[in-house]
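# Descriptive structure summary
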Amino acid sequence: MSSSTPKPSLYTAYSGSALLETPLLNKGNAFIAEERQAFNLTGLLPPRYETIEEQVERAYMQYKSFDEAINKHIYLRAIQDNNETLFYRLLQQHLEEMIPIIYTPTVGDACEQFSDIYRSARGLFVSYQDRHQLDDVLRNATKRKVKVIVVTDGERVLGLGDQGIGGMGISIGKLSLYTACGGISPAYTLPVMLDVGTNNQELLNDPMYMGLRHKRIEGEEYDEFVDLFLQAVKRRWPEAIIQFEDFAQPNAMPLLNRYREKYCCFNDDIQGTAAVSVGTLLAACRSKDVKLSAQKIAFVGAGSAGCGIAEQVISQMVAEGISESQARKQVFMIDRFGLLTDTTPGLRDFQQVLVQRSDDIANWSFSGEFPNLLDVMHCAKPGILIGVSGQAGLFTEQVIRAMKKGCDTPIVFPLSNPSKQVEATPEQVIEWTDGDVIIATGSPFAPVTYNNKQYPIAQCNNSYIFPGIGLGVLAVKARLISDEMLRAASKTLAGASPLANTGKGGLLPPFTELAELSKTIAFNVAKVAQQQGLALDVDDEVLKQRIEANFWRPEYRQYKRISA
Ligand SMILES: NC(=O)C1=CN([C@@H]2O[C@H](COP(=O)(O)OP(=O)(O)OC[C@H]3O[C@@H](n4cnc5c(N)ncnc54)[C@H](O)[C@@H]3O)[C@@H](O)[C@H]2O)C=CC1
Ligand SMILES: CC(=O)C(=O)O
Ligand SMILES: [Mg+2]
């Protein structure tokens, strides 16, 4: 991808080693002779000028020399910390190969090993001990004009539980996708780790662990700290989008509810996941020529992601014409102790509205206190099964075979990340359904060949949604991120399904098409924001131009010197 007009020169006061050590500005051997002279770089670089294409070639050769995914990750992160333009150019050229390295599944290993593999600083570590000087902390950020923040407290990183400070890895990975797939300039992105301690004893015992070495701060103190942080963000970058990422269940929904009307924020695991899942389900239903509202759907894992998707599924069913109470009857939430019913104790408020009524399951036969997943398969006969439990192997052969007996062409989405936490592998699901299945996973899986037929495996991951949301929100300076805006993203994704559109190919378009798709998502999201009075009212042509103008490309600019 290359822009038609060269970018204007960039004026900078940096020079010498400071310029080479600023990843947003560093060009390595791509500094031309005049720049080397003007910026005191002569002698600091090998003499030969190189184009970015030549640099990419060398970097790719070096990348290939690593066998293990985690080492490839460390290598790519080092390039990112040295020369961001080169990093994104390399990524752009090898997107399909490298997304699993910078994102799920390898980012999971990077979070687990964060302190062991730590090389250099990136983003902001906002720690509880610094709570009285958050304005100073934010002022220290190396980026001056921040437009997108991904913030985590590391308590539920993918399906890997509490990773403490290691959560920074997921904020970094998400923002890399904002740039690679949503064109948000890396100059405007900021990964944030809110360090409130960790309850992961292994980390607390680990001499290498770099975070605060105490149990997590909880309750009022925690809430106050998050609030102080958000207020400081608002003062420093009033228009920034804040993406809450990988907060654990007790905090995820309350934080979203507390701030969704106040700040331009969203929770990726609740809302982004709901948008991508409903979009992918709509595509799956369209390819089967059935309506989502005619389906029964079972969830394994009634947490943030599960309940977020379920509510969005219900909205979609209602939009298709059935009543809300009927829609709720068609949704079966299964958690650790079985099906959520009106007699299940200790449910959170967002779970209570998703229970089955005892009356409605009175004629079910099951032996435990609550029906388990297999009972739900036998008694409800759902056509859709979604896994968001973070627990590997919960979709057993017995479960999948029972499901297949009860419906035509099951739709099975084991969405837990990273790959090692998946509820069942695509290979297993395809075998247990004799190849008659529509499948999508949260992490990438290679296509499966079964009975001489090839099955591409769609990656139903919120990364299809958030880059386009970011691009759209920034294009019209939206004040808030509404459910309707997320629904527009979801619908756009559903409309781009090769399988639903042509009867062939993947359920979702490949990641290599995501940059273009993100622009369409951005446009549709921005239109809805305008209609809701949440954004600048520009006409469609101007909106398209703004989206293009905001879309950063990894190309070097020429530098001109300004005095310090
Ligand atoms: N594909 C995607 O885009 C996304 C995938 N996810 C994945 O979903 C998983 C869950 O994420 P959240 O909902 O945020 O976490 P969460 O902790 O809020 O929810 C997980 C739920 O699973 C339940 N669970 C645990 N063991 C179970 C069992 N044996 N049977 C039934 N339920 C069980 C827990 O009690 C909990 O309620 C993670 O693995 C995450 O990686 C989350 C967001 C996006
Ligand atoms: C994809 C994602 O956000 C998660 O697994 O938490
Ligand atoms: Mg997440």
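Residues numbered from 1 in each chain as written. Chains lettered and ligands numbered in written order. Predicted model: local features only at pLDDT ≥ 70, side-chain atom pairs only at ≥ 80, totals over all residues. Heavy atoms only, no water.

The name that an unreviewed UniProt entry assigns to the chain is malate dehydrogenase (oxaloacetate-decarboxylating), with the source organism given as Rheinheimera salexigens. Listed under Sequence similarities (unreviewed entry) in UniProt, the entry text for the chain is "Belongs to the malic enzymes family." (UniProt positions renumbered as here; feature names shortened; annotations may be inferred.)

All right, on to the overall build of the chain then. A tally of regular secondary structure across the chain gives 25 helices and 16 strands. In terms of overall dimensions, the chain has a C-alpha envelope of 85 × 55 × 50 Å along the principal axes. Counting across all 564 residues of the chain, residues that qualify as buried make up 58%. Relative to all contacts within the chain whose residues are 6 or more apart in sequence, the contacts with residues 24 or more apart total 72%. (Helix = DSSP H or I, 4+ residues; strand = E, 2+ residues; numbered from the N terminus. Buried < 20%, exposed > 50% of the residue type's maximum accessible area, 1.4 Å probe, protein only. Contact = heavy atoms within 4.5 Å.)

The next subject is the UniProt feature "binding site: (S)-malate" (unreviewed entry) in the chain. Annotation from UniProt places "binding site: (S)-malate" (unreviewed entry) at Arg156, Asn417 and Asn461. In this structure, Arg156 sits in the loop between strand 3 (148-152) and helix 10 (168-182). Note on Arg156: relative accessible area 25%, which makes it partly exposed. From its side chain, Arg156 meets the backbone oxygen of Leu158 in a polar contact 2.9 Å long. Secondary-structure assignment places Asn461 in the loop between strand 15 (458-459) and helix 21 (466-476). On the basis of relative accessibility, which here comes to 3%, the residue Asn461 falls in the buried class. Residue contacts for Asn461: discarding those within four places in its chain leaves Tyr103, Thr104, Lys174, Val276, Asn417 and Gly442. At a separation of 2.9 Å, a polar atom in the side chain of Asn461 contacts the main-chain carbonyl oxygen of Gly442. (Polar contact = N/O pair within 3.5 Å; in protein donor to acceptor, adjacent residues only side chain to side chain.)

Under the defined criterion, the tally for this structure stands at 14 aromatic pairs. When the centroid spacing of 6.3 Å and the interplanar angle of 85° are considered together, the rings of Phe39 and Tyr559 count as edge-to-face. One end of the pair, Phe39, is in the loop between helix 2 (33-38) and helix 3 (52-64); the other, Tyr559, is in strand 16 (residues 559-561), with 520 residues separating them in the sequence. You'll find Phe39 and Tyr559 in the same group, each marked buried. Aromatic side chains Phe66 and Tyr75 sit 5.4 Å apart centroid to centroid with 35° between the ring planes, which places their arrangement in the tilted category. The class of Phe66 is partly exposed, set by a relative accessible area of 29%. Taken together, the aromatic side chains of Phe31, Phe39 and Tyr559 make up a single cluster linked through ring pairs. One cation-aromatic arrangement involves Lys27 over Tyr559; the distance from NZ or CZ to the ring centre is 4.3 Å. Sitting over the ring of Tyr128, Arg131 keeps its end group 4.0 Å from the ring centre. (Phe/Tyr/Trp six-rings, centres within 6.5 Å; stacked < 30°, edge-to-face > 60°. Lys NZ or Arg CZ within 6 Å of the ring centre and 35° of its normal.)

Viewed as axis vectors pointing N to C, helix 3 and helix 5 (residues 84-93) meet at an angle of 75°, and their least axial separation amounts to 10 Å. Put simply, helix 3 runs roughly perpendicular to helix 5. Between helix 3, through Ile52, Glu53, Gln55, Val56, Ala59 and Tyr60, and helix 5, the contact on the second element is made entirely by Thr85, Leu86, Arg89, Leu90 and Gln93. When the residues that make up the contact of helix 3 with helix 5 are grouped by side-chain class, the tally is six nonpolar, three polar and two charged. (Axes fitted to C-alpha atoms, helices over the stretch in contact; angles between N-to-C directions. Parallel < 35°, antiparallel > 145°, perpendicular 65-115°, else oblique. Nonpolar A, V, L, I, M, F, W, Y, C, P; charged D, E, K, R; others polar.)

A word on the site of ligand 2. If you check the shell around ligand 2, you find Tyr103, Arg156, Leu158, Lys174, Glu245, Asp246, Asp268, Asp269, Asn417, Asn461 and Asn462 and nothing else. Here an oxygen atom of ligand 2 and a side-chain polar atom of Asn417 are 2.8 Å apart. Between an oxygen atom of ligand 2 and a side-chain N or O atom of Asn462, the distance comes to 3.0 Å. For ligand 2, the accessible surface in isolation is 210 Å², of which the surrounding protein chains cover 90%. Residue composition of the shell around ligand 2, by class: two nonpolar, three polar and six charged. Looking at which domains feed residues into the shell around ligand 2, each of domain 1 (51-263) and domain 2 (277-463) supplies at least three. (Near = heavy atom within 4 Å. Areas by Shrake-Rupley, 256 points an atom, 1.4 Å probe, with all protein chains shown as cover. Domains from an automatic or database assignment.)

As a further point, take the coordination of the magnesium ion (ligand 3). Within the protein, the atoms that donate to the magnesium ion (ligand 3) are Glu245 (OE), Asp246 (OD) and Asp269 (OD), at distances of 2.0 Å. When the donor residues of the magnesium ion (ligand 3) are listed from N- to C-terminus, their spacing reads E-D-x22-D. Of the two residues, Glu245 is situated in the loop between strand 5 (241-244) and helix 13 (249-259) and Asp269 in helix 14 (residues 268-288); the sequence distance between them amounts to 24 residues. In this pair, the class of Glu245 matches that of Asp269, namely buried. (Donors = N, O, S within 2.8 Å, 3.2 Å for Na, K, Ca; no water.)

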